[in-house]
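Descriptive structure summary
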Amino acid sequence: MPAHLRAALTAVSLSIPVVEGRPVLGTWQGVYLFEHRTAPHRRRVALHVVGE
């Protein structure tokens, strides 16, 4: 049950606009990563680049 609640409250994907190789974020925006585990785990990140 706790895993279902955490999955419902946290995002699993994110779209960030990038201009000239830098993320375009607002003044008070940031990107944070956190774990819901007591021990570290290995993770893989998938990056999809769409552009002109």
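This text follows the structure it describes.
A few points on the structure. (Residues numbered from 1 in each chain as written. Predicted model: local features only at pLDDT ≥ 70, side-chain atom pairs only at ≥ 80, totals over all residues. Heavy atoms only, no water.)

**A word on the overall build of the protein**
Assigned secondary structure in the protein consists of one helix and two strands. Each helix and strand of the protein, placed in order from N terminus to C terminus, yields the pattern α-β-β. Over its C-alpha atoms the protein spans a radius of gyration of 15 Å, topping by over 25% the 10 Å that the globule rule assigns to 52 residues. Dimensions of the protein, computed from the C-alpha atoms along their principal axes, are close to 40 × 25 × 20 Å. For the protein, the proportion of its 52 residues judged to be buried stands at 0%. When the accessible area of the protein is evaluated, it comes to approximately 6,000 Å², of which 58% is carbon and sulfur surface. (Helix = DSSP H or I, 4+ residues; strand = E, 2+ residues; numbered from the N terminus. Rg over C-alpha atoms; globule rule 2.2 N^0.38 Å. Buried < 20%, exposed > 50% of the residue type's maximum accessible area, 1.4 Å probe, protein only. Areas by Shrake-Rupley, 256 points an atom, 1.4 Å probe, with all protein chains shown as cover.)

**Concerning the layout of surface pockets**
When its volume is computed, the largest pocket comes out at roughly 1,400 Å³. Taken together, 27 residues line the largest pocket, and the ones lying closest to its centre are Ala11, Val12, Ser13, Leu14 and Val45. (1 Å grid on protein atoms, 1.4 Å probe; cavity = no way out; pocket = protein on both sides within 12 Å on 5 of 7 lines; lining within 4 Å. Points joined across faces, edges and corners; volume = space filled by probe spheres on them.)

**Points about the environment of glycine 51**
Within the fold, glycine 51 resides in the segment after strand E2 (22-23). Judged by its relative accessible area of 69%, glycine 51 falls in the exposed class. Separated by 33 residues in the primary sequence, glycine 51 and valine 18 have C-alpha atoms spaced 9.7 Å apart.

**As for a nonpolar patch on the surface**
Judged by side-chain polarity, Leu14, Ile16, Val18, Leu25 and Val31 come together as a nonpolar surface patch covering roughly 440 Å² of accessible area. Relative to the helices and strands, valine 18 is located in strand E1 (residues 18-19). (Patch = residues over 30% accessible without salt bridge, like charges linked within 9 Å, V, L, I, M, F, W, Y side chains within 5 Å. Salt bridge = Lys/Arg side-chain N within 4 Å of Asp/Glu carboxyl O.)

**Some remarks on unusual backbone geometry**
Of note in this structure, glutamate 20 is not a glycine but carries a positive phi near 55°. Along the chain, the position of glutamate 20 falls in the loop between E1 and E2. A relative accessible area of 80% means that glutamate 20 is categorised as exposed.

On their own, these measurements won't tell you what the molecule is for.
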